[in-house]
Structures are given as C-alpha cells and as structure tokens.
Amino acid sequence: MPAILVLNGPNLNLLGTREPATYGSTTLADVERLCVEHARALGYTVDFRQSNHEGVLVDAIHEAGRGFKEGTLAGVVFNAGAYTHTSIALHDAVRAVEVPVIEVHISNVHARESFRHHSWLSPVAAGIIVGLGVEGYRLAIDALARRAKG
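The structure displayed is predicted, hence computed values, not measured ones. Throughout this description, residue numbers start from 1 for each chain and increase along the sequence as written. Only residues with pLDDT of 70 or above have their local features reported here, since the model is predicted, and side-chain atom pairs are shown and tallied only from 80 upward, although totals for entire chains, interfaces and linings are computed over all residues. Water and hydrogen atoms play no part in the side-chain values, which are based on all heavy atoms of the structure.

> In this structure, what is going on with the overall build of the chain? I would like to understand it.
Looking only at helices and strands, the chain features five helices and five strands. A run of H or I in DSSP counts as a helix once it spans at least four residues, and a run of E counts as a strand once it spans at least two, with each numbered from the N terminus. Listed by position from the N terminus, the elements making up the chain come as β-α-α-β-α-β-α-β-β-α. Taking 15 Å as the expected radius of gyration for a compact globule of 150 residues, we find that the chain reaches 14 Å, a close match to that expectation. When its C-alpha atoms are laid out on the principal axes, the chain stretches across 40 × 30 × 25 Å. Two residues qualify as a contact provided that any one of their heavy atoms is within 4.5 Å of a heavy atom in the partner residue. The contacts of the chain with a sequence gap of at least 6 include a subset with a gap of at least 24, amounting to 78%. Surface accessibility follows the Shrake-Rupley procedure with a 1.4 Å probe radius. Residue values consider only the protein chains on display as shielding. Accessible area for the chain stands at about 7100 Å²; split by element, carbon and sulfur atoms hold 53% of it. In this count, Lys and Arg are taken as positive residues and Asp and Glu as negative ones, while His and the chain termini are left out. All charge positions are set by atom: Lys at NZ, Arg at CZ, Asp at CG, Glu at CD. The positive charge centre, built from 13 side chains, and the negative charge centre, built from 15, are 4 Å apart in the chain. Radius of gyration means the value over C-alpha atoms here, while the globule rule gives 2.2 Å times the residue count to the 0.38 power.

In structure tokens:
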C-alpha cells in the first residue's frame, strides 16, 4: 500500500490550544486521525510527522523524494507553518527532489498579516489549499490520490 507523508512545521504541535480563534480547537492528534482514516479509505497509509526544526523538515522532504522515485510514496501534504514565509531551504528541497507537494494552511493566510501573504513553497507546490481549516488536509490527500491514479 503506498504512503502519503503528512508533514507539519513549527508550532503545529500546539493545535487545539494555540490561537483557537484562528486555528480552531482541533488538536494535531485529531488531524492525524483524520488523515489516517481518510487515506486508508482511499487505499493509502500515512506517515504523519511534525517538527519545529527546519533541517528535520528538509530531511523529510529529501526522504519523500526518494520514496516517490521508488514508487512507495504518492506525495506530501505539507503545512510548513511559519517556514512557508521564510524558508528558501524548504523551497529548494521540494524543487530538488520533485515530489508532489500539496501546501496546506489551516487559516486564510491572505486575510492575515502581510508577511504571511508570500509563500516560498507555492512556486514549487503541485497545489495549495488555504483557509479551509483542517478539512484542507483531507482535500490534499484527495488531490494526491487523484494525481497518483493519473
């Protein structure tokens, strides 16, 4: 059964308690359950990860690129958190390994502070889902499953 990597960046471990007016009350464990159950229904497993460290996320993207080339990974659902707006290293990692990445944001970043309006990931992402809450993860899994089936 092929896998989908769901990768979460800094501060997403605080979902459910961090700014609930912006991010809701759903925890990261709830998001993981949602992703695992939805992917399983589509015939995929989920490798679900979170890190507050940029290099760990870069390494995960490199690993995902190898898995994609080997045919064991359909792609990456990536909520890079604040690194979306600052990390050229993550941009370069996605570009270098050519794994399909769906960029996800729980909140509508375009309705927030101006520094959140720019994404270094968007130019190298296969798609972007913004502002639909944690439902964005489910939609991203759907998108990767459709891409994998051609």
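> Would you explain the nonpolar core in this entry?
We define the nonpolar core as a collection of buried residues of types Ala, Val, Leu, Ile, Met, Phe, Trp, Tyr and Cys that are connected through side-chain atoms lying within 4.5 Å of one another. Burial classification: accessible surface area is computed with a 1.4 Å probe over protein chains only, and a residue below 20% of its type maximum counts as buried, one above 50% as exposed, and the rest as partly exposed. Ranked by size, the top nonpolar core spans 25 residues in total, and within it Ile4, Val31, Cys35, Val77 and Tyr137 carry the most contacts. Looking at this core, the elements that each hand over two or more residues are strand 1 (3–8), helix 2 (28–41), strand 3 (73–79), strand 4 (101–105) and helix 5 (135–149). When residues of this core are assigned to their parent elements, the largest contribution, six residues, is made by helix 5. With residues near it in sequence (within four places) discarded, Cys35 still touches Val6, Val46, Phe48, Tyr137 and Ile141. Counting 21 residues, the second-largest nonpolar core is a separate cluster that includes Val58, Val97, Val99 and Leu121.

It is worth stressing that arrangement in space is one thing and function is another; only the former is reported here.
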